[in-house]
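Tertiary structure, described
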Amino acid sequence: MNGAPPHVTELPRRIGAWSTLAVVVGIMVGSGIFRVPATVAAYGPSVFGFIAIWVVGGLLATSGALVFGELAALFPVTGGRFVYLKEGLSPSFAFIYAWTFTLLLRPSGNAAMGLVFAAYAGSLVPALAPHEHLVAGTLIVVLSLANYASVPLTISLSNAGTLAKVLALGALAIGILIWAPTVAPAATTVSPPSLHGYGLALVTVMWTYSGWSSATDISGEVRNAQRAMPMMLVLGVSAVTALFVLVNVALLHAMPMTAIAASKAVVGDAAALTFGAAGRTGAALLVVVATFSALNSTTLAAPRLIYALGEEMPRLRTLAGVHSAYRTPYVAVVLTMVLSVVFLLNHSFEQMANLFILGSWPFYILCGIALFRLRRTRPDVPRPFRVPWYPWMPVVFLVSSSAMLVNALVADPWHSAMGAAFVLLGFPVYYLLRTPK
């Protein structure tokens, strides 16, 4: 014995059920709800259509959470979607997802949230305003280092941040409904709505809802994950849907649709109309807390998928490194941090948000297909949780997701082609890495 610490390869289960819920909600209530309502209004829905889009988005996210709940109960291990695709379809599809997620999707999503945090921090502290990219990069580095050193610290930040922003956002929405002057009905139309416009609005709304699937990456560290993950996925998505609908009803109460569409900080504008300058400052502080908390939660979840990739492929085994003292996937944490900072250099928020949606939803659809295949190929495996109303609930999820994605591809063929090319490039990389040395 030389006194060296033992080699550690596994991540301990030390995350409770309520902390899992905080991660689910914490990822979802991030930057989107503070920017997306204006984009949705700009597509020209009616007042009823504006709210209906948020309701439909929440129902679509709930159906997805039910699908992922069964998969999470079936495979309560680290890696979430990577594992579902590997077990339900093939290792090549799992690698392509991990390739796309690691190098494109998660860095772009983290960078986008960092920029929103920096923009609102600059409104609170004017000296920071000219340095948005530096502030965003610093936040990413600080949260990554916290996750590198301590999962309990990251979970504590997640619990506190999620509770604070949900209570504050709900209270702000209720305050606006009670005290804001009512908008005249005649001032609520932007332009005649179209089916295509509704589809594009739904794509944008799903950027706001999309965080629920990322929470499955931490399944291997959740205590009693087979029970906790499905329950907290569905509970978290349902709660966030109710919160988002409440916020958008409040916005419509305070502002005409044309003003919502033109706003660069719609929640702040509604708060200012209701509570004056103090309302705008309070809303900016809320955005800072919300984006800080969401980025903290994704910093926890994202490296776990990279860790799972390293465990699966011998040539990438370094990615599965676990710190002997901290028991964290430190290599994956550092890689995610570096790539996220790199994305800050040459991309805007809108580019990164669109990239995230166009790149991630095809894999959500593939996970839904994997559920059907696993029901057929492994019918006797115990399933602690089953999707209700099978097969109709997964069918609704698959059909709705596919229609939404096709609509987005038609609207943005350039970014779609770039994303497809990047995904296809992953196949030769996979076969190269799989070839024995």
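The model shown is predicted, which means the values in this text are computed figures rather than measured ones.

Some remarks on the overall build of the protein chain
A tally of helices and strands in the protein chain yields 16 helices and zero strands. Against the compact-globule benchmark of 22 Å for 437 residues, the protein chain has a radius of gyration of 21 Å, which places it among compact chains. Look at the contacts in the protein chain between residues 6 or more apart in sequence, and 83% of them connect residues 24 or more apart. Carbon and sulfur atoms make up 70% of the accessible area of the protein chain, which amounts to about 17300 Å² in all. Counting 23 positive and 12 negative side-chain charges, the protein chain places the centres of these two groups 4 Å from one another.

Here's the deal with the pattern of salt bridges
Under the definition given, this model contains eight salt bridges. Linking K86 and E87 is a salt bridge whose minimum nitrogen-to-oxygen distance equals 2.8 Å. Residues joined by salt bridges that share partners form a network here, namely K86, E87, E312 and R378.

Some words on helix α4 (residues 81–88)
Burial within α4 is extensive, with seven of its eight residues counted as buried. Buried within α4 are the following residues: R81, F82, V83, Y84, L85, K86 and G88.

Examining the packing of α4 against helix α5 (residues 91–124)
Packed helix pairs are specified by the crossing angle of their axes together with the interaxial distance, meaning the distance between the axes. Where α4 contacts α5, the two axes come as close as 6 Å, and the packing angle between them is 160°. Relative to α5, α4 is oriented roughly antiparallel. In terms of crossing hand, the pair formed by α4 and α5 is right-handed. On α5, the residues touching R81, F82, L85 and K86 of α4 are P91, F93, A94, F95, Y97, A98 and F101. For the contact of α4 with α5, a count of residues per class yields nine nonpolar, no polar and two charged.

Observations concerning a nonpolar patch on the surface
Side chains of L124, V125, L128 and L285 sit close together on the surface and give an oily, nonpolar patch of about 290 Å² of accessible area. With respect to the helices and strands, the residue L128 is situated in the loop between α5 and α6 (132–149).

So, the nonpolar core
Counting residues in each nonpolar core, the largest one holds 135 residues, and the members touching the most others are W54, Y209, W212 and W361. Considering every element that reaches this core, the biggest residue donor is α5, with 18 residues. In contact with W361, other than residues within four places in its own chain, are L60, M206, W212, F397, S401, M404 and L405.

Topic: unusual backbone geometry
In the segment running from Y390 into P391, the intervening peptide bond is cis, with an omega of 5°. Take P391: it is sitting in the loop between α14 (349–377) and α15 (392–411). At R327, a position not held by glycine, the phi torsion is positive, near 55°. Classification of R327 by relative accessible area gives partly exposed; the value is 30%. Unusually for a residue other than glycine, W389 sits at a positive phi of about 60°.

Topic: the environment of P314
In this fold, P314 is placed in the loop between α12 (277–312) and α13 (330–343). Here P314 falls in the exposed class, since its relative accessible area comes to 65%. Spatially, the C-alpha atom of P314 lies 8.3 Å from that of R434, the residues being 120 residues apart in sequence.

Cut-offs and rules
Residues numbered from 1 in each chain as written. Predicted model: local features only at pLDDT ≥ 70, side-chain atom pairs only at ≥ 80, totals over all residues. Heavy atoms only, no water. Helix = DSSP H or I, 4+ residues; strand = E, 2+ residues; numbered from the N terminus. Rg over C-alpha atoms; globule rule 2.2 N^0.38 Å. Contact = heavy atoms within 4.5 Å. Areas by Shrake-Rupley, 256 points an atom, 1.4 Å probe, with all protein chains shown as cover. Lys, Arg positive; Asp, Glu negative; His and termini not counted. Charge placed at Lys NZ, Arg CZ, Asp CG, Glu CD. Salt bridge = Lys/Arg side-chain N within 4 Å of Asp/Glu carboxyl O. Buried < 20%, exposed > 50% of the residue type's maximum accessible area, 1.4 Å probe, protein only. Axes fitted to C-alpha atoms, helices over the stretch in contact; angles between N-to-C directions. Parallel < 35°, antiparallel > 145°, perpendicular 65-115°, else oblique. Left-handed = near helix turned anticlockwise from the far one by under 90°. Nonpolar A, V, L, I, M, F, W, Y, C, P; charged D, E, K, R; others polar. Patch = residues over 30% accessible without salt bridge, like charges linked within 9 Å, V, L, I, M, F, W, Y side chains within 5 Å. Core = buried A, V, L, I, M, F, W, Y, C linked by side-chain atoms within 4.5 Å.

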